[in-house]
Amino acid sequence: MIQQRILVTGGCGYIGSHTLVCLLDPSNSPSIQYSVVVVDNLSNSSPESLIRVADICNIQGFAISDDGRRGSDPSNRLIFRAVDCCDYVRLREVFLEFQAEGGFDSAVHFAGLKAVG
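Calculation rules
Residues numbered from 1 in each chain as written. Predicted model: local features only at pLDDT ≥ 70, side-chain atom pairs only at ≥ 80, totals over all residues. Heavy atoms only, no water. Helix = DSSP H or I, 4+ residues; strand = E, 2+ residues; numbered from the N terminus. Core = buried A, V, L, I, M, F, W, Y, C linked by side-chain atoms within 4.5 Å. Buried < 20%, exposed > 50% of the residue type's maximum accessible area, 1.4 Å probe, protein only. Expected span 1.5 Å × (residues − 1). Arc of directions from axis to C-beta. Contact = heavy atoms within 4.5 Å. Pairing = 2+ DSSP bridges. Axes fitted to C-alpha atoms, helices over the stretch in contact; angles between N-to-C directions. Salt bridge = Lys/Arg side-chain N within 4 Å of Asp/Glu carboxyl O.

Engineer: When you look at the environment of tyrosine 88 in this model, what are you seeing that I'm missing?
Structural biologist: Topologically, tyrosine 88 is positioned in helix 3 (residues 88–99). Along the backbone, tyrosine 88 and valine 108 are 20 residues apart, and their C-alpha atoms lie at a distance of 17 Å.

Engineer: Please clarify how the nonpolar core should be interpreted in this entry.
Structural biologist: Burial of nonpolar side chains together is a common tendency in soluble globular proteins. Counting 18 residues, the largest nonpolar core has Leu20, Leu24, Val36, Val38, Leu50, Leu78 and Phe80 as its most contacted members. Within the residue set of this core, elements represented by two or more residues are strand 1 (2–9), helix 1 (14–24), strand 2 (32–40), helix 2 (48–56) and strand 5 (78–82). Residues Leu7, Ile79, Leu91 and Phe98 belong to the second largest nonpolar core, which totals nine residues.

Engineer: What exactly am I supposed to notice about helix 3 here?
Structural biologist: Note on helix geometry: an α-helix contains 3.6 residues per turn, so any two residues three or four positions apart are oriented the same way. The end-to-end C-alpha distance of helix 3, which contains twelve residues, comes to 16 Å, matching closely the 16 Å that a straight helix rising 1.5 Å per residue would cover. Along helix 3, the residues that are buried comprise Leu91, Val94 and Phe98. Seen from one end, helix 3 has its buried residues packed into an arc of 50 degrees, which puts them on one side. In this structure, helix 3 carries Tyr88, Val89 and Gln99 as exposed residues pointing more than 90 degrees from its buried face. Buried residues belonging to helix 3 abut strand 1, strand 2 and strand 5.

Engineer: For this particular structure, what's the right way to read the side chain of serine 35?
Structural biologist: As for its placement among the helices and strands, serine 35 is situated in strand 2. By relative accessible area, serine 35 is classed as buried at 14%.

Engineer: Even after reading the chapter, I still don't get helix 2, so can you show me in this structure?
Structural biologist: For helix 2, the complete set of buried residues consists of Ser49, Leu50, Val53 and Ala54. One side of helix 2 holds all its buried residues, which, seen down the axis, span an arc of 145 degrees. Summarising the geometry of helix 2, the exposed residues directed more than 90 degrees from the buried face are Arg52, Asp55 and Ile56. Among the structural elements, helix 1, strand 2 and strand 5 are those in contact with the buried residues of helix 2. Following helix 2 by one or two positions, asparagine 58 has its phi on the positive side, about 55 degrees.

Engineer: Honestly, the sheet that holds strand 2 in this entry has me stumped. Any pointers?
Structural biologist: Within a beta sheet, neighbouring strands are joined by backbone hydrogen bonds and run either parallel or antiparallel to one another. In spatial order, the strands read 3-4-5-2-1-6; together these six strands make up an open sheet with mixed pairing. Looking at which strands have only one partner, the edges of the open sheet turn out to be strand 3 (63–64) and strand 6 (106–109). Relative to the sheet, helix 3 contacts strand 1, strand 2, strand 4 (70–72) and strand 5, its axis offset from that of strand 5 by approximately 155 degrees.

Engineer: What is the right way to read the pattern of salt bridges from this model?
Structural biologist: Between side chains of opposite charge, a pair can form when the charged atoms approach closely. In total, this model carries four salt bridges according to the counting rule given. The network of salt bridges with common partners includes Arg70, Arg81 and Glu97.

Given below as structure tokens:
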């Protein structure tokens, strides 16, 4: 089985969280197992959406830290970091954190501020 780590910015939002379900549902790609790292500043979303994603995808033990800044499950299939993509220093820390494990195979960028009208 091929394993890939995907960075998803804005993963706690509507489109991002639905993309997570597609990536993490094993029936969508039986030959590839994705580990997803979500980066979101939570300005227009909530980490509660990740708890729901974990439930839908049957990812056991996913939890958000007490301070709401980090989250993961025991198998590290779903990982969360509360980071603003405009904060270069903190975003670089995320890249460095996963560099020793091979970094990211790809990134999906959904982070942005919504504006209507």
